[in-house]
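# Structural characterization, general
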Amino acid sequence: MTQGVCQPMDPGFSPTVRSLLLTEAYKEGKKKKAREASRMESTAIRINNAADISVIVIYFVVVLAVGVWAMYSTNRGTVGGFFLAGRSMVWWPIGASLFASNIGSGHFVGIAGTAAAGGIAIGGYEWNALIFVVVLGWVFVPIYIKAGVVTMPEYLRKRFGGKRIQVYLSILSLILYIFTKISADIFSGAVFIQLAMGLNLYLAIIILLAITALYTITGGLAAVIYTDTLQTFIMVVGSFILMGFAFREVGGYDAFMEKYMNAVPSNITYGNSTIDSKCYTPRADSFHIFRDAVTGDLPWPGLTIGLSILTLWYWCTDQVIVQRCLSGKNMSHVKAGCVMCGYLKLLPMFIIVMPGMISRILYTDVVACAVPEICQQACGTTVGCTNIAYPKMVVELMPNGLRGLMLSVMLASLMSSLTSIFNSASTLFTMDIYTKVRKQPSEKELMLAGRAFMVVLIGISIAWVPVVQSAQSGQLFDYIQSVTSYLGPPIAAVFLLAIFCKRVNEQGAFWGLVVGLLAGLGRMISEFAYGTGSCVAPSNCPFIICGIHYLYFAIILFGISAIVILAVSFMTKPIPDVHLYRLCWSLRNSKEERIDLDADDEEEKPDERDKESVSEESEDPGCLKKAYNWFCGLDQQKGPKLSKEEEEALKKKLTDTSEVPLWRNVVNINGIILLTVAVFCHAFFA
């Protein structure tokens, strides 16, 4: 057996005894006993002791205290204050928030689950980001800041003109948030709470969302970034503690490598036949990042080229990530935050990937189950139970108190990711869609619209959870990456060409996005219609649709989109340079005045907002109204009206990317070190 060390029999049964009960029941054909053993497996340990509950309560009190402090100490009464934290953030909260926004509970559940099934190659996803956080800080963010934008669709509107690309990208980004990020994080967090506390999946989801929405809807980006910083600290400390317990239990790194290759479930018969060995045997290349280009589950060309396209889309053009960088007080703080995030991204290989693989060693018959009946009883889905690898180890392995800490870690990762997405999604909706419907909304109306949209977003995401639960053979992270491979590459192509090829125009960008979307949706809808199946019961999806690996499909889709963008652009009129100053790489240092393509459309009707502000100020709200306005950040403190010269000076400051030479050199050196570390890590585990 490859289970953990036997413990004395207790009323809850040790992991080994429970596993033996399950195995023996199936060997003897005693279905009833198997179901009973499985029931004990799923209900034996709950977080129901004073130590665990106390830790969780303390965690929530501290998080809410930080959120309230951020609400009290920052200006949430303006669009800039609510959505960009007043552009006053320093490097360490930016770096921590970038990391926390990226590492959601979907990572702890999804990456650990995929690692349990296929080995360390999934860690390549994390290390690929080491390169692109540098690209983000040194290449993309300076352009965005000089453009003076709040959202990524707003940048494309300034770069290309017209409104159709801005609205299109906003809607597509919101769809991606729902299908990949929000629903996957909600599901993975609920899986953990369900396993740890025995709550119904949807009840767990509702509790999570109620707490998360509270300080996101009220606090704005500043509250999100400061709570993210706290969550990052809790995540890293808690994960290191679990990693220590896991390696101690398995006997060290050498024993871990040996035992993982032997972690085969004891029951491998389905019906009257034996299951194909590839469905339950660890892969021969489990400890290599780069795998065969044809037979590999994550082929090396896909992991280097296809993944780089997805990473470019996520780290350099996604609103959730870029919005944190735009909140930085100057360019050096932005770059330092990106470098800090890069160093933190070294950790998931050791604190998530390897513990996920150890979970397969300790709980082989459950985590690596191959028989649909056993999987259904163990974790509620027939396609596999790798998604419970990390949560199960937390619940089974950690002592009282520390188990509560690890649940706090999972909640921290879930909440930090969700809060970031909620804030960025409401920014997209408010600034890029709502303002097209309401031409002259007040700032108060904009912020109320953004908060109301968060509620709608939550409802749609919950409805998508059942699809997430059954997709990609139960491997959550594969589901997330496959969907982004079908929808993300056209966006990456548009942004890359928008910045580096000034000849690209609006017609080319729009038709490139449309063609790319149609091709991506064709693959995605076909795959979900046929079903992704499982190893034991594979899908009957034709090879021409599902046979091409999703990372290879990302390369093809990026190429098609780029060709369409360039072809249409060169067949139509170019955009004059006067509209492109500081919007693309070749003109990034231009000092000349830029005339926005839609300058005429953007002129405000005279003083409408000012009139509304005056009418609001003339009313003297009562005590309840004042309390409500403060809680929701609607008590806008009106300062003196700025002169035209003062407005110009403020605008110049917000679009300034200059750096103090000393700190510029410091962050540049750290950027080079980070890139060197990225190359070394890939080479060492190649």
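In this text, all values refer to a predicted model and were calculated from it rather than measured experimentally. (Residues numbered from 1 in each chain as written. Predicted model: local features only at pLDDT ≥ 70, side-chain atom pairs only at ≥ 80, totals over all residues. Heavy atoms only, no water.)

A few words now on the overall build of the protein chain. Summing up its helical and strand segments, the protein chain has 30 helices and two strands in all. A burial count over the protein chain gives 59% of its 686 residues as buried. For the protein chain, the share of sequence-separated contacts (at least 6 apart) that also reach a separation of at least 24 residues comes to 82%. When the accessible surface of the protein chain is summed, it comes to about 27,200 Å², and 65% of that surface belongs to carbon and sulfur atoms. (Helix = DSSP H or I, 4+ residues; strand = E, 2+ residues; numbered from the N terminus. Buried < 20%, exposed > 50% of the residue type's maximum accessible area, 1.4 Å probe, protein only. Contact = heavy atoms within 4.5 Å. Areas by Shrake-Rupley, 256 points an atom, 1.4 Å probe, with all protein chains shown as cover.)

A contiguous nonpolar patch, built from V660, L662, W663 and V666 and spanning about 400 Å² of accessible area, is present on the exposed surface. Judged by relative accessible area, L662 falls into the exposed class, the value being 54%. (Patch = residues over 30% accessible without salt bridge, like charges linked within 9 Å, V, L, I, M, F, W, Y side chains within 5 Å. Salt bridge = Lys/Arg side-chain N within 4 Å of Asp/Glu carboxyl O.)

Moving on, we get to helix 8 (residues 152-160). Every α-helix carries 3.6 residues per turn, so stepping three or four residues along brings you back to the same face. Across the nine residues of helix 8, nine count as buried, placing the element largely inside the fold. For helix 8, the N-terminal cap is T151; the gap from its side-chain oxygen to the backbone nitrogen of E154 is 3.2 Å. Downstream of helix 8 by one or two residues, G161 has phi in the positive range, about 80°. (Polar contact = N/O pair within 3.5 Å; in protein donor to acceptor, adjacent residues only side chain to side chain.)

Applying the stated criterion to the full structure yields one disulfide. Put simply, C369 and C375 are joined by a disulfide, and their sulfur atoms are 2.1 Å apart. The disulfide joining C369 to C375 has a torsion of about 125° about its S-S bond and is therefore right-handed. (Disulfide = S-S within 2.5 Å.)

The next point concerns the packing of helix 12 (residues 300-317) against helix 25 (residues 550-571). Two quantities define a packed helix pair, namely the angle between the axes and the distance from one axis to the other. The interhelical angle for the contact between helix 12 and helix 25, taken along N-to-C directions, is 55°, at an axis separation of 8 Å. With respect to helix 25, the axis of helix 12 lies oblique. In this structure, helix 12 meets helix 25 at a crossing whose hand is left-handed. Here helix 12 contributes P301, G302, L303, I305, G306, L307, I309 and L310 to the contact with helix 25, which in turn contributes L551, Y552, A554, I555 and F558. (Axes fitted to C-alpha atoms, helices over the stretch in contact; angles between N-to-C directions. Parallel < 35°, antiparallel > 145°, perpendicular 65-115°, else oblique. Left-handed = near helix turned anticlockwise from the far one by under 90°.)

Take helix 22 (residues 489-500) next. With twelve residues, helix 22 extends 16 Å between its outermost C-alpha atoms, agreeing within 8% with the 16 Å of an ideal straight helix rising 1.5 Å per residue. Of all the twelve residues making up helix 22, ten are buried; the element is thus mostly covered by neighbouring parts of the structure. (Expected span 1.5 Å × (residues − 1).)

Here L242 is to be found in helix 10 (residues 201-250). Through-space distance from the C-alpha of L242 to that of V394 is 7.3 Å; in sequence the pair is 152 residues apart. Not counting residues within four places of it along the chain, the set of residues in contact with L242 comprises Y390, M393, V394, M398 and M406.

Our next topic: the packing of helix 7 (residues 123-147) against helix 15 (residues 348-362). Orientation of helix 7 relative to helix 15, taken along the N-to-C sense of each, is 165°, at an axis distance of 10 Å. Taken together, the axes of helix 7 and helix 15 are roughly antiparallel relative to one another. For the crossing formed where helix 7 meets helix 15, the hand is right-handed. From helix 7, G123, E126 and W127 reach across to helix 15, where they touch P348, M349, F350 and V353. Among the residues making up the contact of helix 7 with helix 15, the classes are represented as five nonpolar, one polar and one charged. (Nonpolar A, V, L, I, M, F, W, Y, C, P; charged D, E, K, R; others polar.)

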